[in-house]
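One letter stands for each residue in the lines below.
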Amino acid sequence: MKDAENPTIYLKDYTPPNWLVEDVHLTFRLAPQATRVLSRIRFVPNPDTQDRRFFLEGEDLRLISARIDGETVTTEVTDEGLICDVPEAAFLWEAEVEIAPEANTALEGLYMSGGMYSTQCEAQGFRKITYYPDRPDVMATFTVRIESDMPVLLSNGNKVATGDGFAEWHDPWPKPAYLFALVAGNLVNLPGSFTTKSGRAVELNIWVRPGDEDKCDFALEALKKSMRWDEEVYGREYDLDIFNIVAVDDFNMGAMENKGLNIFNSAAVLASPETATDANFERIEAIIAHEYFHNWTGNRITCRDWFQLCLKEGLTVFRDAQFTADMRSEPMKRISDVLDLRGRQFREDGGPLAHPVRPESFQEINNFYTATVYEKGAEVIGMLKRLVGDEAYAKAVALYFDRHDGQACTIEDWLQVFEDTTGRDLSQFKLWYAQAGTPRVTMTEDWEDGTYTVTLKQSLPPTPGQAGKSPQVIPFAIGLLDRSGAEVVPTTLLELTETEQSFTFTDLKARPVPSPLRGFSAPVILERETSNEDRAFLLAHDTDPFNRWEAGRQLAKSALIGMIDDGKAPVSGYLDALSRLVTDETLDPAFRALAMALPSEDDLAQSFADMGQTPEPQRIWNGREDMRAAMAKALEGELRPLYDQHLVTGPYSPEAGPAGQRALTNTLLSLMTRSDGGAAARAQYKAADNMTQQLGALSALLANDLGADELAAFAGQWAHERLVMDKWFMIQVAQARPEEAAGVAVALSQHPDFTMKNPNRFRAVFGALAMNQAGFHHASGAGYRLMADWLIKLDPLNPQTTARMASAFQTWRRYDADRQAMMSEQLNRIAALPGLSRDTAEMVGRILAA
Ligand code: PHE
Ligand code: ZN
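First, a word on scope: everything that follows refers to the structure included in this document.

About the cut-offs
Residues numbered from 1 in each chain as written. Chains lettered and ligands numbered in written order. Predicted model: local features only at pLDDT ≥ 70, side-chain atom pairs only at ≥ 80, totals over all residues. Heavy atoms only, no water. Helix = DSSP H or I, 4+ residues; strand = E, 2+ residues; numbered from the N terminus. Rg over C-alpha atoms; globule rule 2.2 N^0.38 Å. Areas by Shrake-Rupley, 256 points an atom, 1.4 Å probe, with all protein chains shown as cover. Lys, Arg positive; Asp, Glu negative; His and termini not counted. Charge placed at Lys NZ, Arg CZ, Asp CG, Glu CD. Buried < 20%, exposed > 50% of the residue type's maximum accessible area, 1.4 Å probe, protein only. Contact = heavy atoms within 4.5 Å. Salt bridge = Lys/Arg side-chain N within 4 Å of Asp/Glu carboxyl O. Near = heavy atom within 4 Å. Polar contact = N/O pair within 3.5 Å; in protein donor to acceptor, adjacent residues only side chain to side chain. Pairing = 2+ DSSP bridges. Axes fitted to C-alpha atoms, helices over the stretch in contact; angles between N-to-C directions. Phe/Tyr/Trp six-rings, centres within 6.5 Å; stacked < 30°, edge-to-face > 60°. Expected span 1.5 Å × (residues − 1).

Another point: the overall build of the protein. From N to C terminus, the protein includes 28 helices and 31 strands. For 850 residues, the compact-globule formula gives about 29 Å, and the C-alpha radius of gyration of the protein, at 27 Å, lands near that figure. Along the first, second and third principal axes, the C-alpha set of the protein runs to 85 × 65 × 60 Å. Accessible area of the protein: about 32,200 Å², with a carbon and sulfur share of 50%. Side chains of the protein give 83 positive and 123 negative charges; the mean places of these two sets differ by 1 Å.

Turning to its location among the elements, Pro273 is positioned in the loop between strand E21 (261–265) and helix H3 (278–293). Residue Pro273 is classed as partly exposed on the basis of its relative accessible area of 26%. Distance from Pro273 to Pro651, taken between C-alpha atoms, is 9.6 Å for residues 378 residues apart in sequence. Residues contacting Pro273, with those up to four places away along its chain left out, are Phe281, Tyr652, Asn690 and Met691.

The full count for this structure, using the stated rule, is 69 salt bridges. A salt bridge links Lys224 to Glu221, with the nearest nitrogen and oxygen atoms 3.5 Å apart. Highlighted residues: Lys224 and Glu221, both in helix H2 (residues 217–234), separated by three residues, approximately one helical turn. Glu221 sits in the partly exposed class, given a relative accessible area of 40%.

Cis geometry marks the peptide bond from Glu122 to Ala123; its omega dihedral reads -5°. Looking at the secondary structure, you find Ala123 in the loop between strand E11 (116–120) and strand E12 (140–147). Of note in this structure, Leu107 is not a glycine but carries a positive phi near 60°. Looking at the secondary structure, you find Leu107 in the loop between strand E9 (91–99) and strand E10 (109–113). Residue Leu107 is classed as buried on the basis of its relative accessible area of 5%. Look at Leu517: it is not a glycine, yet its phi comes out positive at around 55°. One can find Leu517 in the loop between strand E30 (513–516) and strand E31 (525–528).

Surveying the vicinity of ligand 1 reveals 13 residues, the closest of which are Glu122, Glu257, Glu291, Glu313 and Tyr374. A distance of 3.1 Å separates an oxygen atom of ligand 1 from a polar side-chain atom of Glu313. Note that an oxygen atom of ligand 1 is positioned 2.6 Å from one of the side-chain N or O atoms of Tyr374. In isolation ligand 1 has 320 Å² of accessible area, and contact with the protein removes 97% of it. When contributions to the shell around ligand 1 are tallied by element, the ones reaching two or more residues are strand E20 (255–256), H3 and helix H4 (309–327).

It is worth spelling out the sheet that holds strand E29 (residues 500–505) at this point. Taken in spatial order, the four strands make up an open sheet running E29-E26-E25-E31, and their pairing is mixed. A strand with exactly one partner marks an edge of an open sheet, and here the two such strands are E29 and E31. Between one strand axis and the next, the sheet turns by 25° as a mean value, whatever way the strands run.

Next up on the list: the packing of aromatic side chains. Evaluated as defined, the whole model comprises 46 aromatic pairs. When the centroid spacing of 5.1 Å and the interplanar angle of 80° are considered together, the rings of Phe126 and Tyr132 count as edge-to-face. Given a relative accessible area of 0%, Phe126 falls into the buried group. Given a relative accessible area of 0%, Tyr132 falls into the buried group. Look at Phe754 and Trp790: their rings are 5.4 Å apart centre to centre, the planes differ by 80°, and that puts the pair in the edge-to-face class. Of this pair, Phe754 sits in the loop between helix H22 (741–749) and helix H23 (759–771) while Trp790 sits in helix H25 (residues 782–794); the two residues are 36 residues apart in sequence, bridging distant segments of the chain. Just as Phe754 is buried, Trp790 falls in that class too.

Another point: helix H27 (residues 817–831). Helix length check: H27, at 15 residues, gives a terminal C-alpha distance of 20 Å against a target of 21 Å (1.5 Å per residue), a fit within 8%. Residues of H27 that are buried: Arg819, Gln820, Met822, Met823, Ser824, Gln826, Leu827 and Ile830. Packing partners of the buried residues in H27 comprise helix H15 (617–634), H25 and helix H28 (838–848).

Helix length check: H3, at 16 residues, gives a terminal C-alpha distance of 23 Å against a target of 22 Å (1.5 Å per residue), a fit within 8%. A large share of H3 lies buried, amounting to 13 of its 16 residues.

Within the secondary structure, Val24 is located in strand E2 (residues 19–29). Distance from Val24 to Ala177, taken between C-alpha atoms, is 9.9 Å for residues 153 residues apart in sequence. Those residues in contact with Val24, other than ones at most four positions away along the chain, are Arg40, Ile41, Tyr132, Ala140, Thr141, Phe142 and Thr143.

Here you go:
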C-alpha cells in the first residue's frame, strides 16, 4: 500500500527543467507560528527544452497570494506543489505563503530550535519554505530580506543592508535552492579574519548561543587551516567577503554547507578541553574542513540531480581525509577510515540496503546520505587518483574546476575530465559507481626459480536489484619483503581488470613475503590463505604502516574467533606479538592504542556470517571479554609502567601527539581496571582536567561494573552542558551488560533531560542501544521491541532520523530463526503504521525485502 503512495524516482527519467530562474528575492516576516515568506522570482524559458508546463514544488505551505507580472493568477495546489498557466516568455512570479517554524519538528525547511530560527534545505527542504523549482539544476542568485526583532539575522552571501528589525543579504553566486540558509536568533559570535592568497579580506564568525562562546576557538582555527589548505593543495580560494558558521542544537546530520552560511550541529563545532574529547576535536576539525571544501566541490560546482550526490560528497570526503592526513597522521587517518568503512559501508553493502555509489532509483533521497555514497564515494576518488597518478589527478581536477564552474554536473562530467587529461578509457572504472556490493579478491601465490607469481581473482556478490555483474578495475598495491624484513620489491600497483589475472615478479633470490593491498588501495575484501607466523612477521616488519596494523588485526580476529568458536585460549603467538608491539617505543602511541582495540562485535558477527555460521551475540560478547582478560593477564607487568610513562599531565592540547598518548593510556587503563579494583581509573577521574581523561576513566570503571559514584558526580558536574550530558546518556547504554541494556535505555528515556525532539539526545540513547550488539540482539527480544517502540514514536515528529535509525535492523538476516522472527515482527509492526513517513516506509520496506 505504501509503495502505491510513494512513487519511485529513476535516474533514467531525468529531464531538464522547463523554466530556469534568473534571480530570486525573498522577504521573511518571521514569527514562530506564522512566518510570511514573500517571493519574487524571475523565470525564463529553458532554451534546451520545448515543454513550457509550469510546476513549482511546495509542501506544508499556506498560499496567500500568487501573481504573474503583477496580475493575480489562479493556481492548482496539491500536496506536492502548484500548477498554473504561464506566459510563453520570461515572466515575474510573486507569491506569499505562510509557514509555522515552531511546529516544525522534522528539522527540514525553516524551523525553531532553542528559541532561534534556522533552516535546513538539502535535499528537498526549500519546498517547505516557498513554492520553487526545488531541484539542484536550477541555479539562481538570491537576495534575502529578513524582518524580525531577533538581534542577529543571517543569510547567504554578503550583507548589503541592515537596520532596526531587518537585514538584507545578497549572494552573487548562482546556487540551487538546497544551499539557501537563514538564521535568526539571540546569538553571540567569535569573530576572526582571513586574507585569501589573492588578497581578499574575509570576515569569519562562529555564531553560538550565549554561554557557548568559550567553545569556538578550535573551530575558528580549523576553518582558517581549511581555507589555507584548499588554496595550497587545490588552488581554491574563498569567494565572498564573509563566512559564517552557526551552531544549532537540533540538527539531523553533522553539518550543512549552505553558501557562506554553514549550519552545524552544535556537537560538530563546539569544543573545549573540559567538555570535548580528543575524538570530538578531530571530528570537528574534519567537519569544518568538509563543509568549507564544499564551497568548491558542491556549491560552485553542484549536482545536476540527486542521483549525482556522490559527485559532491565522495569528492569532499576524499578532500577532507587528505586534509586530516596532512594535519595529523596519514597512516592513522587511513586506518581509522578503513575501520569506519568496514564497520559501516561493508555492512551496508552486504545487506538489504546495498546500493550503488550512484543510486539509480529512490523514493526518499534523504535515505541515500549513506556510507556508500560518502565513504565508498571517497574510496572511488582515491582509486582514481592511484590509477592515474598524483600529477594527472591534479591536472584533471584543475580542468574540472575550469570547465564546470557555475554548473550542475554529473559523474560523467567528472570522469570526462580524467579521460581528457590522461587519454585513459574509464568506462570500466565507471562500474564502481554503478555496481553495488563489495568485491571479493582472492589471492594465490606461486614460487618457482626466482619468479614469484600472484594470481588475483575477483567476484562481486549479487545485491538488491543487481545480479550478474562485470569485473571492475581494482588497483592492487603490493610490496614484497624478504625474510629479514627488508623490502625487495617496493610498493607496486597491479591493475586487476579481468575476473582472473596473474602478475609475476622475477629475479628474486628467495621466496618473498607479500604485503598485499597496501594502504588498503581498493575497498575490497581480500581473501588469502596465510599463516599466523606470516601475520606476526608483517606486524613486526612491514614497511607499510597500514598493513602492519592490518596484520595485527587479522591476528586478533583469528585468535578471537578461535576463542568464541571453541573456547580456545588465545593463541599465545598473538599475545606475545601484542606485548612486543605495545612496548615498542619506536611506534606511535596512537598506533599502539588502535592495535590493542579488538574487532567490534558487529565485525565479528559479520565474520561468522561470512564463514556460513550463525553469529551468537552473547558468545561474541563473552569472547571479547575473555580476550580482554587474557590481554590484561599477558600484559600484567607492562600496563602500569607504560601507563605512567605515557600519561599526559601538562596543559591540554588536542593535537595528534598528546591525543595519541591519551588514547594509549585510556586503553591501558581499561585493562588495569580489571585487576586493581578501579584504583587507577578513580585516580585519573579525579585528576582529569579534560574530557578525554575524565570520560576514559569513567568508561573503564563502568566496563568493570564500577563507577556508580563517578557516574552520579559526572551528571552533577555537567548538568548544564547539553553535549556532555549526551555522553552521559550514551556511555550508560554503551557500557551496559547485554541483559541490562534495554532496561538502562528505558530508564534513561524516562529521565527529565531526555527528549526525542533533539536528535543528538535520541541517538545518545537509542543509537547506543543499536551499537551495543549483544544488548540489542539479546535473546529476550527486549532490545528489538524497545527500538521499534521509539521509532514509532519518533516517526511523526522526525522522519529523517527515524529512517536512519531503522538501519539498526539491517543485519537481521544474519541471525538465527528466533531472532529473525522477532526482528521481522517489529519491522512489520513499523511498516503497518498508518501515516508512516515516506522515509521510514522506504527503509523498512527495503530491509524487509531481504
Ligand atoms: N550535505 C551535508 C554534508 O555532507 C550533509 C547533510 C545532508 C546535512 C542533508 C543536512 C541534510 O556536508
Ligand atoms: Zn558533505
